[in-house]
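Descriptive structure summary
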Amino acid sequence: MQESCSLIIFGSTGNLATYKLLPALYHIEAAQRLDPASRILGFGRRQWSDEDWRGEVRASLGERLGSTLDEDALARLLSRLRFVSGDLERPEDFVRLAERLRSDDDLPDNLMSYLAVAPRHYGHIVDQLAANGLNAQASGWSRLVVEKPFGFDLESASILDQRLQRCFSEDQIYRIDHYLGKSTVQNILVFRFANLILEPLWNRNYIDHVQISHAESRGIEERAGFYDGVGAMRDMIQSHLLQMLTLVAMEPPPSLDAEALRDEKVKVLRSIRAIPREAVHAQAFRAQYGPGRSGDTKLAGYRDEPGVGHNSTTETYAALKLYIDNWRWRNVPFYLRTGKRLGQTNSLIAIRFKHPPQQLFRATAIEQLKPNWLLLNIQPNECMRIEIQVKQPGLEMRAQTERLDASSCTLPPEHIDAYEALILDVIEGDHTHFLRYDEVNWAWRVVDPILKLWATERDFIHTYPAGSWGPVEANRLFDREDQEWRNAM
Ligand code: BG6
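To start, this report covers the structure provided alongside it. Please read all numbers here as calculations on a predicted model, not as lab measurements.

1. Focus: the sheet that holds strand β14 (residues 373–379)
Strand order across the open sheet formed by nine strands is β16-β15-β14-β13-β7-β12-β11-β8-β17, with mixed pairing between neighbours. Here the strands that pair on one side only, and so sit at the sheet edges, are β16 (399–405) and β17 (462–465). Ignoring strand direction, the axes of neighbouring strands in this sheet form an average angle of 20°. As defined by bridge partners, strand β15 (residues 383–391) adjoins β16 across seven bridges and the pair is classed as antiparallel. Bridge pairing in β16 links R385 to D405. Taken strand by strand, helix α9 (residues 231–249) contacts β7 (207–215), β11 (317–322), β12 (334–339), β13 (346–353) and β14, and its axis lies near 140° from that of β12. Helix α13 (residues 437–456) rests against β8 (284–290) and β11 of the sheet, and its axis sits at about 55° to β8.

Here it is as structure tokens:
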């Protein structure tokens, strides 16, 4: 059981709270991992009573979780909910919030302020929390949870961070990258560092290249307000994909202590070879979905989505080639790729090994041996596969690819996502799966030169049909002809 706390959600009726945070809180409740005294406060502009908010949450969880919803757990969760009407722009509403937190004995002193709002509101909320003393509780702790994106580029991230750090110290700030809360992403660490057999192979002597792909069949849905002008490089690569890259590439940390782990991740980011302006087109590619189909259904192009400008050149697809200049990885390309409205929703880390040094089978019917692959499927199914070459049964000397799948590959996808673990970590005060500011800063340094050049090229963007696997032109990133994208398992 955890310590009790008051969790305030700023943006409690928004997309993130509705689709991610409240379902996660329900799962934590169902698992009986919340202290009975903990309370959840929604802060929002609606003139709602506690009962009104409970009704909304009941309906939206019912819609999302359907028949899996446990009525007892739901009733326990709803009984914790309190609603505070307030406008993020009005200082007097923060005064009322602070008064309520101090005067209501039902609300625990430990305070988690969760900013589930657009980043432009972060600075103002943080200032108001501090102005009302909510950044330092007389008894108990006060912790601030902020969502990505942290800024829009390197410079704005630094300005935002200075503003947060004026009111909250680094150990009070929890910067969420929700991929670090996914069990399958955390499994990269276990897979690498709990198994001795991998380590001798895990380097430039044996690995030809690494691919990290996140594909979504969904379009941008109703998120144009956030997405247009931001694009895939900022939305996915600067954060989630670079985080997965650090876990694949890092050295074993001296311990699992938050600082030790984050030190190693920062070393990877710092070792990524900087991309000079003249190399941007050789190492990065962007595109946008045009109209297309999924089966019999027609899909709109990005520019026809509600709220998107007709001339928008925001990328919905981005691919990037990186090199990590250290002893382990020098000259091994890491290909990162993400896109919306692709053929299937799937996230995959694919590691391709080199060919054996000797062509022993040249004089046989085996024409060309395929290389070994190690595939770690992150979602929707957790699955690990090794592809090896074996002899085909029969008289001929022919080879075929054998796929060794982990038993977990046949399990249905987990309904627990990522936020459950991360919320519990904040209550425990564990920073291991949150970003330290230097990580954010170095991740921006990786993508900044690309974003700067793309910002000057606003007249044209490649397109790909919605529902396809993206533009063929992205293949130009590959170092060699025998490299190609692995889409899904
Ligand atoms: C978010 C991005 O951070 O991650 C979204 O803003 C993206 O655009 C989402 O769809 C993907 O997360 P998940 O957990 O659905 O893979």
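Back to the text.
2. A few points about the pairing of strand β3 (residues 81–85)
Of all five residues making up β3, five are buried, and the element is well covered by its neighbours. Examined bridge by bridge, strand β2 (residues 39–44) and β3 share five bridges and lie parallel to one another. Within the sheet, the bridge partner assigned to G42 lies in β3 and is F83.

3. Quick look at the state of the cysteines
The full count for this structure, using the stated rule, is one disulfide. Between the sulfur atoms of C383 and its disulfide partner C409 the distance amounts to 1.9 Å. Its S-S torsion of approximately 85° makes the covalent link between C383 and C409 right-handed. In this pair, C383 is assigned in strand β15 and C409 in the loop between β16 and α12 (419–428), connecting sequence segments 26 residues apart. The pair C383 / C409 is uniform in exposure class, with both members buried.

4. Digging into the side chain of K340
In this fold, K340 is placed in the loop between β12 and β13. When its relative accessible area of 6% is taken as the criterion, K340 is described as buried. Excluding its chain neighbours within four sequence positions, the residues that come into contact with K340 are E216, R218, G219, I220, R223, Y227, D235, Y289, T316 and Y464.

5. A short note on the sheet that holds strand β4 (residues 111–115)
Read across the open sheet, the six strands follow the order β3-β2-β1-β4-β5-β6; overall the sheet is parallel. Single-partner strands in this sheet number two, and they are β3 and β6 (173–176). Neighbour-to-neighbour, the strand axes of the sheet open up by a mean angle of 20°, direction not taken into account. Sitting on the sheet, helix α6 (residues 154–167) is in contact with β5 (142–147) and β6, with an inclination near 150° to β6.

Procedures and definitions
- Residues numbered from 1 in each chain as written.
- Predicted model: local features only at pLDDT ≥ 70, side-chain atom pairs only at ≥ 80, totals over all residues.
- Heavy atoms only, no water.
- Pairing = 2+ DSSP bridges.
- Helix = DSSP H or I, 4+ residues; strand = E, 2+ residues; numbered from the N terminus.
- Axes fitted to C-alpha atoms, helices over the stretch in contact; angles between N-to-C directions.
- Contact = heavy atoms within 4.5 Å.
- Buried < 20%, exposed > 50% of the residue type's maximum accessible area, 1.4 Å probe, protein only.
- Disulfide = S-S within 2.5 Å.

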